[in-house]
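Geometric and topological summary
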Amino acid sequence: MSTLAEQLKSCGVVGAGGAGFPTYVKTQTEVEYLLVNGAECEPLLHKDYELMKHCASGIVQGAKAMRSATRARYARFGVKSKNAAAVEAIQASIAGTDMDTVLLGDFYPSGDEFELVYSGTGRLIPPGGIPLAVGCVVINVETLYNVARAVDGHPVTHKFLSVTGAVRKPKSFWAPVGTSFRELLAAAGGTTTADYGFFISGIMMGRLSFDLDDVVTKTTGGLIVLPRDHYLIVRKERPQQSMRRIGKSACDQCSFCTEFCPRYLLGYDVQPHKVMRSLGFTASGAALWNQSAELCCACGLCTLYACPEDLYPKEACDQAKHDLREAGTKYVQKNAPLVHPMKDSRRVPLAMLRRRLKVEDYEAETPFEDVKLTPSRVRILLKQHAGQAAVAVVRVGDRVRAGERIGDLEGNRLGAAIHSSIDGTVKAVTDAAIEIAS
Ligand code: SF4
Ligand code: SF4
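These lines cover the structure that appears in this document, whether it is placed above or below. All values reported here derive from a predicted model rather than from experimental measurement.

About the thresholds
Residues numbered from 1 in each chain as written. Chains lettered and ligands numbered in written order. Predicted model: local features only at pLDDT ≥ 70, side-chain atom pairs only at ≥ 80, totals over all residues. Heavy atoms only, no water. Helix = DSSP H or I, 4+ residues; strand = E, 2+ residues; numbered from the N terminus. Rg over C-alpha atoms; globule rule 2.2 N^0.38 Å. Buried < 20%, exposed > 50% of the residue type's maximum accessible area, 1.4 Å probe, protein only. Contact = heavy atoms within 4.5 Å. 1 Å grid on protein atoms, 1.4 Å probe; cavity = no way out; pocket = protein on both sides within 12 Å on 5 of 7 lines; lining within 4 Å. Points joined across faces, edges and corners; volume = space filled by probe spheres on them. Nonpolar A, V, L, I, M, F, W, Y, C, P; charged D, E, K, R; others polar. Pairing = 2+ DSSP bridges. Axes fitted to C-alpha atoms, helices over the stretch in contact; angles between N-to-C directions. Parallel < 35°, antiparallel > 145°, perpendicular 65-115°, else oblique. Left-handed = near helix turned anticlockwise from the far one by under 90°. Salt bridge = Lys/Arg side-chain N within 4 Å of Asp/Glu carboxyl O. Near = heavy atom within 4 Å. Phe/Tyr/Trp six-rings, centres within 6.5 Å; stacked < 30°, edge-to-face > 60°. Lys NZ or Arg CZ within 6 Å of the ring centre and 35° of its normal.

1. So, the overall build of the chain
If you tally the helices and strands in the chain, you get 15 helices and 18 strands. Here the C-alpha atoms of the chain give a radius of gyration of 22 Å, agreeing with the 22 Å that 2.2 N^0.38 yields for 438 residues. Viewed in the frame of its principal axes, the chain has a C-alpha envelope of about 60 × 50 × 45 Å. Buried residues in the chain amount to 57% of all 438 residues. Contacts in the chain between residues at least 24 apart in sequence constitute 71% of all its contacts with a sequence separation of at least 6.

Rendered as structure tokens:
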């Protein structure tokens, strides 16, 4: 294993912008393109923009380290042109190098790996494949910042995030991993409504929660607070059975969900309107219709933007993928993807998406603030990354320092180490988490 891979493994660096894939694995590949994902397209979240604006040189240092490990011939930063300050900061930091930028439009979902690889290289990842199949590795900007810190010996103890929506002072800041959401909301000046829920890491692809004791992990992108009776919360809370029942009776097969699906427009065989048919054909045919969901990336556009009847094609795709897995079958698209001639005309601008989601009033800057949160207690999850959960290496009563390793990988399994984010005493160790009080 290379020195960089060892450093990333020991510092617990994982993808900060998605499922938390351990980054050391990506150093063990050789590629042509290193694509840096600064596309950030979840409505209302602007934390990557703030990070690029304020920490561009750290991000570029991380990109240099990853580029050298992967021997990438090209290193390209994907940033939206509307984020002029971020573009400027990145371009200033790469000046004099052969790294470059690809400027993206303000569309959803421009940060999807398949989209970014296409925008950055003109290549299409084979159906069911990963960027490596077309000589690319894609890494989020915050992950690269953490790579640079790991090279200097600093483990991942804090997460950069935005707190926005119905809060008094929307902002972006570093929060110790394990901090409760209650403390995040307080740091943003508290909520502007007494009865609320919040989306964790995004309205489109994140999850809805009401649990203030839930905690920050290495992949938390932010909190978006909305009133409890907001359209999005009401929609998200509908029981799955009722989503299916309504879909079965109300879907008129207009196929708008498919016509706006970004994966379909890139040429992949994703057709949510066909998956919707499976709701009405459970005795026969469901398995066939379900195949059209295999390559869905769960971006949510069909459910939250395209469907004129407010139905749930994305959720039908989720169920279809689950059913295919249970049945042990995997659909593989045989034909090479071919970009739809209408792709460019059917992209969804963020402004239109915000309007459709009824969150225009909550669009606000989330300026970076060095808030220096000092929680008196943190709960650090053992599983906050792809692969195996970490195994606790501390016991109740142990004194730990911020940055000290408290959970480790078992053998050579895929996973990530975890570290204390504060100085304190271990108060509890369970199968799920380690609690530390300062
Ligand atoms: S857009 Fe809605 S109504 Fe039209 S096919 Fe899709 S799920 Fe059915
Ligand atoms: S969630 Fe809907 S729009 Fe998004 S990829 Fe899946 S089917 Fe397509």
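Next comes the rest of the account.
2. Thoughts on empty space enclosed by the protein
Overall, the coordinates contain 6 cavities of 30 Å³ or more when judged by the stated rule. Of the voids in this model, the largest cavity is the one considered here, and its volume is about 120 Å³. What lines the largest cavity is simply Phe199, Ile203, Met204, Leu232, Arg235, Lys236, Gly300, Thr303, Leu304, Tyr312, Lys314 and Glu315. Put simply, the parts of the chain that give the lining of the largest cavity at least two residues each are helix H7 (231–237), helix H13 (301–306) and helix H14 (313–326). Within the lining of the largest cavity, the residues separate by chemical class into 6 nonpolar, 2 polar and 4 charged.

3. Focus on the sheet that holds strand S16 (residues 418–419)
Spatial strand order, S13-S15-S16: 3 strands in an open sheet with antiparallel pairing. What marks the edges here is a single partner per strand, and that holds for strand S13 (391–392) and S16.

4. Thoughts on the packing of helix H2 (residues 47–70) against helix H5 (residues 141–151)
One way to put it is that H2 packs onto H5 with a least axis distance of 7 Å and a crossing angle of 50 degrees. It follows that H2 is oblique to H5 by the angle criterion. The handedness of the crossing between H2 and H5 is left-handed. For the pair H2 and H5, the contacting residues are Lys47, Asp48, Leu51, Met52, Cys55, Gly58, Ile59, Gln61, Gly62, Ala63, Ala65 and Met66 in the first and Val141, Glu142, Leu144, Tyr145, Val147, Ala148 and Val151 in the second.

5. With respect to the pattern of salt bridges
The final tally for this structure, using the stated rule, is 28 salt bridges. The salt bridge partner of Asp408 is Arg405, with a shortest N-O separation of 3.1 Å. Overall, Asp408 belongs to the partly exposed group, its relative accessible area being 23%. Across the pair Arg413 and Glu410 runs a salt bridge, and its minimum N-O distance is 4.0 Å. By relative accessible area, Arg413 is classed as partly exposed at 43%. Given a relative accessible area of 45%, Glu410 falls into the partly exposed group. One connected set of salt bridges, linked through shared partners, spans Lys47, Asp48, Glu142 and Lys159.

6. Here we look at the site of ligand 1
In the vicinity of ligand 1, 13 residues are found, and the nearest of them are Cys251, Cys254, Ser255, Cys257 and Cys307. Counting only elements with at least two residues in the shell around ligand 1, the list comes to helix H9 (256–259) and helix H11 (272–277). Classifying every residue of the shell around ligand 1 gives 8 nonpolar, 3 polar and 2 charged.

7. Concerning the site of ligand 2
Within the structure, ligand 2 sits among 14 residues, and Cys261, Cys296, Cys299, Gly300 and Cys302 are positioned closest to it. Elements with a contribution of two residues or more to the shell around ligand 2: helix H10 (262–266), H13 and H14. Its residues placed into classes, the shell around ligand 2 shows 11 nonpolar, 1 polar and 2 charged.

8. Let's talk about the packing of aromatic side chains
To describe a pair of aromatic rings, one takes the distance between the centres and the angle between the planes. Overall, the coordinates contain 7 aromatic pairs when judged by the stated rule. Measuring from ring centre to ring centre gives 4.9 Å for Phe160 and Trp174, while their planes differ by 55 degrees; the resulting arrangement is tilted. Within this pair, whereas Phe160 is found in strand S6 (residues 158–165), its partner Trp174 is found in strand S7 (residues 171–176), the two being separated by 14 residues in sequence. In this structure, Phe160 and Trp174 share a single accessibility class: buried. Above the ring of Phe114, the side-chain terminus of Arg263 is found at 3.8 Å from the ring centroid.

9. Details of the packing of helix H1 (residues 3–10) against H5
One can describe the packing of H1 onto H5 by two numbers: an axis separation of 9 Å at closest approach and a directional angle of 105 degrees. Between H1 and H5, the interaxial angle falls into the category roughly perpendicular. In this structure, H1 uses Leu4, Gln7 and Leu8 to contact H5, whose residues at the interface are Val147, Ala150 and Val151. Looking at the contact of H1 with H5, its residues break down into 5 nonpolar, 1 polar and no charged.

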